[in-house]
Amino acid sequence: MAAALVTGLIPILRTAVDTSTTYKARTIWFGFLAVRLVVLFVCELPWFKLDNEFSCNGTLRDSLCTRACFNEHFDRPAVVAWNFLFVLLVMSVLLMELFSGHLRASARKRSLNQKSAEGQAEAQELMMLDFHASKTAVLFYLLSVALRIVVEAVFVYILLWWNLPKMENGPHECMLDRPICPGLQLCVVRAAPEKRMSIFALASISCLVMAASGLFFVYCVMHYLCNWGGGSNTATNSVL
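Residues numbered from 1 in each chain as written. Predicted model: local features only at pLDDT ≥ 70, side-chain atom pairs only at ≥ 80, totals over all residues. Heavy atoms only, no water.

Next up on the list: the packing of aromatic side chains. This model, assessed by the stated rule, comprises 10 aromatic pairs. Ring geometry for Tyr 157 and Trp 161: centres 5.5 Å apart, planes at 15°, overall stacked. Of this pair, Tyr 157 and Trp 161 both sit in helix H6 (residues 135-163), four residues apart, which is roughly one turn of the helix. With centroids separated by 6.0 Å and ring planes inclined at 85°, the aromatic side chains of Tyr 219 and Tyr 224 adopt a geometry described as edge-to-face. By relative accessible area, Tyr 224 is classed as buried at 6%. A connected cluster of aromatic rings, assembled from ring pairs, spans Trp 29, Phe 32 and Phe 216. Lying across the ring of Trp 29, Arg 148 places its NZ or CZ 4.5 Å from the centre. (Phe/Tyr/Trp six-rings, centres within 6.5 Å; stacked < 30°, edge-to-face > 60°. Helix = DSSP H or I, 4+ residues; strand = E, 2+ residues; numbered from the N terminus. Buried < 20%, exposed > 50% of the residue type's maximum accessible area, 1.4 Å probe, protein only. Lys NZ or Arg CZ within 6 Å of the ring centre and 35° of its normal.)

Rendered as structure tokens:
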């Protein structure tokens, strides 16, 4: 698992240090991805053997009735949902990377076609996205940040409303209306406090990302779209 963690961190960090194209808070977003991946790996550790830590009274741990009660109690996904939402979070960041790469490729192509010092200077200038000069870049950036906020909000909802209620300390009642498993059974999940702590840790990181994303969203709207606080009004040709 440690090797998988390192393998996941390498492309994120490699992309973060690539300065061929940059934009506002780019390093922060990739930093959040790296931290989120590490926290996700650590918080998933108590969940790897969840089926073995679930037991019911009067039945063997691997019995059919215990597994049926397990499926009835954990009726909503946990780890798979967490990993899927992390993939969506990465895609929200890569969305801006694809857009900035498109701008860089367009600038270089126009520079080669013009074969002039003016075109070369423009290609070099566009390596740093100027949100004052391109409203399209601002809107695309806001879309990327908004998607990040939505993904994190869904993630927090899943953690607190789907997964956390399943981690109560007390025994859980399981009533299976089947002839092979008659009567009421009481089941319990071992190491519930650690699993709750992992949920709170993931929710805390998500709230931090949502807060930072929300602040940058408001800042970009006020500063670049509403021109609050002034800014650069230098005319720059758009590559779109």
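Continuing now.
This brings us to helix H7 (residues 192-225). Compared with the 50 Å implied by 1.5 Å per residue over 34 residues, the 48 Å span of H7 between its first and last C-alpha is a close match. Just downstream of H7, Asn 227 is the residue with a positive phi angle, here 55°. (Expected span 1.5 Å × (residues − 1).)

Let's shift gears to the pairing of strand E3 (residues 184-189). Only one face of E3 is covered, namely the one carrying Gln 185, Cys 187 and Val 189; the face carrying Leu 184, Leu 186 and Val 188 has none of its residues buried. Pairing of strand E1 (residues 54-56) with E3, which is carried by three bridges, proceeds in the antiparallel orientation. Bridge pairing links Phe 54 to Val 189 in E3. The pairing of strand E2 (residues 172-175) with E3 spans four bridges and is antiparallel. Residue pairing across strands places His 172 opposite Cys 187, the latter belonging to E3. (Pairing = 2+ DSSP bridges.)

Quick look at the packing of helix H2 (residues 26-44) against H7 now. Between H2 and H7, whose axes approach to 9 Å, the crossing angle comes to 170°. It follows from the interaxial angle that H2 and H7 lie roughly antiparallel. Listed contacts from H7 to Ile 28, Trp 29, Phe 32, Val 35, Arg 36, Val 39, Leu 40 and Cys 43 of H2 are Ser 198, Ala 201, Leu 202, Ile 205, Ser 206, Leu 208, Val 209, Ala 212, Ser 213 and Phe 216. Here the contact of H2 with H7 is built from residues that sort into 14 nonpolar, three polar and one charged. (Axes fitted to C-alpha atoms, helices over the stretch in contact; angles between N-to-C directions. Parallel < 35°, antiparallel > 145°, perpendicular 65-115°, else oblique. Contact = heavy atoms within 4.5 Å. Nonpolar A, V, L, I, M, F, W, Y, C, P; charged D, E, K, R; others polar.)

Here we take up the side chain of Arg 148. By the secondary structure assignment, Arg 148 is in helix H6. Of the side chains with opposite charge, Glu 152 lies nearest to the buried Arg 148, which makes no salt bridge, at 7.2 Å. Once residues lying within four places of it in the same chain are set aside, the contact partners of Arg 148 are Trp 29, Leu 89, Ser 92, Val 93, Val 209 and Ser 213. (Lys, Arg positive; Asp, Glu negative; His and termini not counted. Salt bridge = Lys/Arg side-chain N within 4 Å of Asp/Glu carboxyl O.)

Turning our eyes to something else, we now look at the pattern of salt bridges. One pass over the full model with this rule turns up four salt bridges. Notably, a salt bridge pairs Arg 36 with Glu 152, separated by 2.6 Å at the nearest N-O pair. Of the two residues, Arg 36 is situated in helix H2 and Glu 152 in helix H6; the sequence distance between them amounts to 116 residues. Accessibility expressed as a relative area gives 2% for Arg 36, which makes it buried.

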